[in-house]
Amino acid sequence: SEVEAVRPPPPESTVRVVYTPMHGVGGVPFARTLALGGRAEVIPVAEQNEPDGRFPTVSFPNPEEPGALDLAQAAADQEGADLILANDPDADRLAAAVPTDDGWRILSGNQIGVLMADYLLDAWDGDERPMVSNSIVSTAMLGSIADARGARFEQTLTGFKWIANAALDLEEAGEGRFVFGFEEALGYSVGTVVLDKDGLSAGLVFADLAGRMADEGRSLLDRLADLYRRHGVWVSTQVSVVRPGTSGKAEIDAAMERLATEVPDMVAGMEVLGHRDFRVGADGRPRWLDTTPLVELDLGGGSRALIRPSGTEPKLKVYVDLRAEAGDDPARAEASALDRANAIGADIAAWLGF
């Protein structure tokens, strides 16, 4: 398959994976995928393994929602599992949690994405230059990883149709071979067999990576810390301002209009070095970065903030990607950087009048 063309050789170690399809369709396909293609032992969450459109055990059937993985964590504790993986009901998203001394840590979509990208690029031995991409509101850390691995990196508008368009256009132009793309909202695409987010193939590759770490006597968090030491600690956060109704829409529109003529000089003590307004200038960008209501603030060193209205909800969203040095303690640096990123997001919202 196309996934096999970009997938590294399977690990030697068997990883015990507690898996939930969140009452969706992924249970049987996921178990078969891992049984045929990897060495993982799949332990289903019994209460959530059968399709049920009422989704009786969760308040909302999305693995991003708080509490959605509670049953999986309980099963993982009981089974002594090495990894938790979860799909949403239509199996196009993938969530993951890893064990720590303090319980299970749910990884962010950006963390899963950079771990898989680095794993796939590290093992790449094709004749063509590999390509990776992610959506513009996903972590720019992928660009640093791609540069270190000799890969091409592209950011696209949100939505996997844009990641797919970039892959197709660049492959047709002879610019390389698409290996991996992701969005921070738990969406991943491995190779070109499914030019959309696919939680099944992503789950196979992520289980492989966990097994490879077990081969080395190390963990996924060890590998993430390695990435932080090489590329800096990158954290991402989102501040959402909810303004319902007609008056709320007018407030959000006014905030975006202000950004057309003015940007802050400083945010939470960081200088704004420049900005890009994606509502203009599309003629000078590839089609996967077409006109869109988005403004980017350059905070230096790869750090940035992005402001855009939600396309589906009465919200203004402020995304912050912040890079910091890992130092001697990447975990502490990560926590400190996340606090600062949240302060930046709140300061931007305040500057906009919220």
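Let us look at the structure shown here. (Residues numbered from 1 in each chain as written. Predicted model: local features only at pLDDT ≥ 70, side-chain atom pairs only at ≥ 80, totals over all residues. Heavy atoms only, no water.)

**What about the overall build of the protein chain?**
Logical step 1: Broken down by element type, the protein chain carries 10 helices and 16 strands.
Logical step 2: In summary, the protein chain has a C-alpha radius of gyration of 20 Å against a globular reference of 20 Å for 354 residues, a match within 12%.
Logical step 3: Across its three principal axes, the protein chain shows a C-alpha extent of roughly 55 × 50 × 40 Å.
Logical step 4: The buried share of the protein chain, reckoned over its 354 residues, is 52%.
Logical step 5: Once local pairs closer than 6 in sequence are excluded, the contacts in the protein chain between residues at least 24 apart make up 67%. (Helix = DSSP H or I, 4+ residues; strand = E, 2+ residues; numbered from the N terminus. Rg over C-alpha atoms; globule rule 2.2 N^0.38 Å. Buried < 20%, exposed > 50% of the residue type's maximum accessible area, 1.4 Å probe, protein only. Contact = heavy atoms within 4.5 Å.)

**So, the nonpolar core**
Logical step 1: With 84 residues, the main nonpolar core has L83, L85, F180, Y188, F206, I307 and I348 as its most contacted residues.
Logical step 2: Broken down by element, the residue count for this core peaks at nine residues, all from helix 7 (residues 199-215).
Logical step 3: Ranked by size, the runner-up nonpolar core spans 17 residues in total, among them F160, A167, L170 and L294. (Core = buried A, V, L, I, M, F, W, Y, C linked by side-chain atoms within 4.5 Å.)

**Some remarks on the sheet that holds strand 2 (residues 41-44)**
In a beta sheet, neighbouring strands are held together by backbone hydrogen bonds and run either parallel or antiparallel to one another.
Logical step 1: Ordered in space as 2-1-3-4-5, the five strands form an open sheet in which the pairing is mixed. Looking at which strands have only one partner, the edges of the open sheet turn out to be strand 2 and strand 5 (103-106). Each strand of the sheet is rotated relative to its neighbour by a mean of 30°, with strand direction disregarded.
Logical step 2: Where strand 1 (residues 16-20) and strand 2 come together, four bridges link them in parallel fashion. Across the sheet, the residue bridging to Y19 is P44, located in strand 2.
Logical step 3: Against the sheet, helix 7 makes contact with strand 3 (83-87) and strand 4 (94-100), and its axis sits at roughly 170° relative to strand 3, the strand it touches most. (Pairing = 2+ DSSP bridges. Axes fitted to C-alpha atoms, helices over the stretch in contact; angles between N-to-C directions.)

**Looking at the packing of helix 5 (residues 141-148) against helix 8 (residues 220-231)**
Logical step 1: Two elements in contact, helix 5 and helix 8, have axes separated by 11 Å at closest approach and are oriented at 80°. With respect to helix 8, the axis of helix 5 lies roughly perpendicular. When helix 5 is examined against helix 8, the residues M141, S144, I145 and A148 are found in contact with a partner set consisting of L227, Y228 and H231. (Parallel < 35°, antiparallel > 145°, perpendicular 65-115°, else oblique.)

**Focus: the environment of T237**
Logical step 1: Examined against the element boundaries, T237 turns out to sit in strand 10 (residues 233-242).
Logical step 2: Sequence separation between T237 and V320 is 83 residues, and the spatial gap between their C-alpha atoms is 5.4 Å.
Logical step 3: For T237, the residues in contact, after removing those within four places along its chain, are V318, Y319, V320, L338, A341 and N342.

**Topic: the pairing of strand 3**
Logical step 1: Among the five residues that make up strand 3, five are buried, leaving the element largely enclosed by the rest of the structure.
Logical step 2: By the alternation rule, side chains of strand 3 split into L83, L85 and N87 and I84 and A86, which are all buried.
Logical step 3: Of the strand pairs in this sheet, strand 3 and strand 4 are connected by four bridges, and their pairing is antiparallel. Bridging across to strand 4, N87 finds its partner in L94.
Logical step 4: What sits between strand 3 and strand 4 in their antiparallel hairpin is a turn of six residues, with A91 showing a positive phi close to 60°.

**With respect to helix 4 (residues 109-123)**
Logical step 1: An ideal rise of 1.5 Å per residue puts 21 Å on 15 residues; helix 4 measures up with 21 Å between its terminal C-alpha atoms.
Logical step 2: For helix 4, the buried fraction is high: 13 of the 15 residues fall into the buried class. (Expected span 1.5 Å × (residues − 1).)

**Overview of the sheet that holds strand 14 (residues 295-300)**
Logical step 1: Taken in spatial order, the five strands line up as 10-16-15-14-13 in an open sheet, and their pairing is antiparallel. With one partner strand each, in any of the chains shown, strand 10 and strand 13 (274-277) form the two edges of the open sheet. Direction aside, neighbouring strands of the sheet carry axes that sit 15° apart on average.
Logical step 2: Pairing between strand 13 and strand 14: four bridges, direction antiparallel. Across the sheet, R276 pairs through a bridge with E296, a residue of strand 14.
Logical step 3: Sheet strands in contact with helix 10 (residues 330-351) are strand 10, strand 14, strand 15 (303-309) and strand 16 (315-324), and its direction is about 30° off that of strand 10.

**Focus: the side chain of R285**
Logical step 1: You can see R285 is positioned in the loop between strand 13 and strand 14.
Logical step 2: No salt bridge is formed by the buried R285; the nearest opposite charge belongs to D290, separated by 5.7 Å.
Logical step 3: Within the structure, the side chain of R285 is placed 2.7 Å from the backbone oxygen of L289, a separation counted as a polar contact.
Logical step 4: In this structure, R285 is in contact with D277, F278, V280, D290 and T291, ignoring residues within four places of it in sequence. (Lys, Arg positive; Asp, Glu negative; His and termini not counted. Salt bridge = Lys/Arg side-chain N within 4 Å of Asp/Glu carboxyl O. Polar contact = N/O pair within 3.5 Å; in protein donor to acceptor, adjacent residues only side chain to side chain.)

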